[in-house]
Amino acid sequence: MTSKRTTPKLNEIIKGVRSYYIIGDIALVSPKEEVNKEELAKALMKINPRIKSVFIRKKVTGELRVNELVFAGGEYKTTTVYKESGLRFIVDISKVYVNVSLSSERDKLEKEVECKKVLADLFTSYGAIAIHLARKCNYVIAGDLNIDGLYLLKESLNLNKLKGNIDIVQYDAYYLPFRDKSVDIGVADNPTMIESFKSEVCRVCKEAIFYILCKSKDEATQKLGEADWVRVNDYSKDLFIFKGRVRCDNEKS
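Here goes a summary of the coordinates provided. Predicted model only: the values in this text are computed from it and were never measured.

### Looking at the state of the cysteines
The full count for this structure, using the stated rule, is two disulfides. The disulfide that involves C115 links it to C137, with 2.0 Å between the sulfurs. An S-S torsion of about -70 degrees defines the bridge between C115 and C137 as left-handed. Here C115, found in the loop between α3 (103-112) and β7 (119-121), pairs with C137, found in the loop between α4 (128-136) and β8 (139-144); they are 22 residues apart in sequence, far enough to count as distant. Covalent S-S linkage joins C202 and C248, the inter-sulfur distance amounting to 2.0 Å. With the S-S dihedral at roughly -50 degrees, the linkage between C202 and C248 falls on the left-handed side.

This is how it looks when you write it as structure tokens:
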């Protein structure tokens, strides 16, 4: 009797590497220790033949929240088409942050948000949330400081059949270019910095759906206000991303 041969786990081939993300045909890896980049790339492309490029992902840096990347092997390219829940996005991993682990959360958000008069994706990047919402709703504002992300969003519009229209706006979110309470629901997905933008978000929004990186629901309430805070992703042992819908009616304009 012959035993069934199984595919070895990645950490059995490359020590210190347990998992990786695939974005289109690009693999992103965060090793726990130093690795041989060439061996890592060859191993990943052998395990998954659809991978064409391999990058080592370092920390997220800068105001635009972009990963620091080190090329490991394969074809050197940073642009690809990323598919999520029947939608397609043109992304450049050197210019925008693509969080694959929150794809199911974006599905939930699309179902939860009512199609009110004015919706805004206030930190849109390449438009992941905005395009999800425009699949369902008639009109969405999508804005960000990152002009490269906005150009990628514009390209992605042609890849998807959307019910609604998206207005794309570049701005510094410290000074949102909208009238007081002109947005019915604003999505504020900037978990690491959102506390700094809270007052400006609530100036222009009647309600805001905040994402925040913190230790607990109580901390989220303390920093952003009363809400039914839900843990949507684990960031580290003691830090988590929470989502909460905050009414801004009582905020000072």
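### Here we look at helix α6 (residues 194-204)
Most of α6 sits inside the fold, with eight of its eleven residues counted as buried. Residues of α6 that are buried: I194, F197, K198, E200, V201, C202, R203 and V204. Buried-residue contacts for α6 involve β10 (183-189), β11 (205-214) and α7 (217-224).

### Here we look at the sheet that holds strand β13 (residues 240-247)
Pairing in this open sheet of seven strands is mixed, and the strands run β9-β8-β7-β10-β11-β13-β12 from one edge to the other. Each of the sheet's edge strands pairs with one partner strand only, and the pair in question is β9 (165-170) and β12 (230-234). In this sheet, adjacent strand axes meet at a mean angle of 20 degrees when their direction is disregarded. In the sheet, β8 pairs with β9 via six bridges, with the strands oriented parallel. Among the inter-strand pairings, A142 is bridged to a residue of β9, identified as I168. Running over the sheet, α6 touches β10 and β11 and is turned about 170 degrees from β11.

### Overview of the side chain of D121
Tracing the backbone shows D121 in strand β7. Polar contacts involving the side chain of D121 include one to the side chain of T124, which spans 2.7 Å. Those residues in contact with D121 that sit more than four places away from it in its chain are I129, A130, V140, I141, A142, G143, Y171 and V187.

### Brief notes about the packing of aromatic side chains
Under the criterion given, the structure shown has nine aromatic pairs. Centre to centre, the rings of F55 and Y76 are 5.6 Å apart; their planes meet at 65 degrees, and the pair counts as edge-to-face. Here the residue F55 occupies a position in strand β3 (residues 53-61), and Y76 occupies one in the loop between β4 (66-74) and β5 (79-84), the gap between them amounting to 21 residues. The class of F55 is buried, set by a relative accessible area of 2%. A connected cluster of aromatic rings, assembled from ring pairs, spans F55, F71 and Y76.

### Things to note about the environment of Y139
With respect to the helices and strands, Y139 occurs in strand β8. A relative accessible area of 29% means that Y139 is categorised as partly exposed. Counting along the chain gives 23 residues from Y139 to K116, while the straight-line C-alpha distance between them is 8.7 Å. Beyond its immediate sequence surroundings of up to four residues, Y139 is in contact with K117, L119, G164, N165 and D167.

### Some details on the nonpolar core
Counting residues in each nonpolar core, the largest one holds 37 residues, and the members touching the most others are I23, Y82, V91, V98 and Y126. Broken down by secondary-structure element, the contributors of at least two residues to this core are β2 (26-29), β6 (87-92), α4, β8, α5 (147-157), β10 and β11. For this core, the leading source of residues is α4, giving six residues. Aside from chain neighbours lying at most four places away, what touches V91 is I23, T78, T79, T80, Y82, V96, V98, Y126 and L152. Counting 28 residues, the second-largest nonpolar core is a separate cluster that includes A120, Y171, L224 and C248.

Cut-off values and rules
Note on numbering: residues in each chain are counted from 1, in written sequence order. Side-chain atom pairs in this predicted model are given and counted only at pLDDT of 80 or more, local residue features only at pLDDT of at least 70, and totals for whole chains, interfaces and linings cover all residues. To obtain the side-chain values, all non-hydrogen atoms of the structure were included, while hydrogens and water were left out. Defined by distance alone, a disulfide is two cysteine sulfur atoms within 2.5 Å. Strands here mean DSSP runs of E at least two residues long; helices mean DSSP runs of H or I at least four residues long; both are numbered from the N terminus. Under the scheme applied here, a residue whose accessible area is under 20% of the maximum for its type counts as buried, over 50% as exposed, and between as partly exposed, the area being computed with a 1.4 Å probe on protein chains only. Residues are treated as being in contact if the distance between any of their heavy atoms lies within 4.5 Å. In short, DSSP must find at least two bridges between two strands for them to pair. The angle between two axes is taken between their N-to-C directions and runs from 0 to 180 degrees, where each axis is a line fitted to C-alpha atoms and a helix contributes only its stretch in contact. The definition of a polar contact used here is a pair of N or O atoms within 3.5 Å, where within protein one atom must be able to donate a hydrogen and the other to accept one, and adjacent residues in sequence count solely through side-chain atom pairs. Two rings from Phe, Tyr or Trp (for Trp, the six-membered ring) form a pair when their centres are within 6.5 Å of each other. A pair whose planes differ by under 30 degrees is stacked, one over 60 is edge-to-face, and the rest are tilted. By nonpolar core is meant a set of buried Ala, Val, Leu, Ile, Met, Phe, Trp, Tyr and Cys residues that side-chain atoms within 4.5 Å join together.

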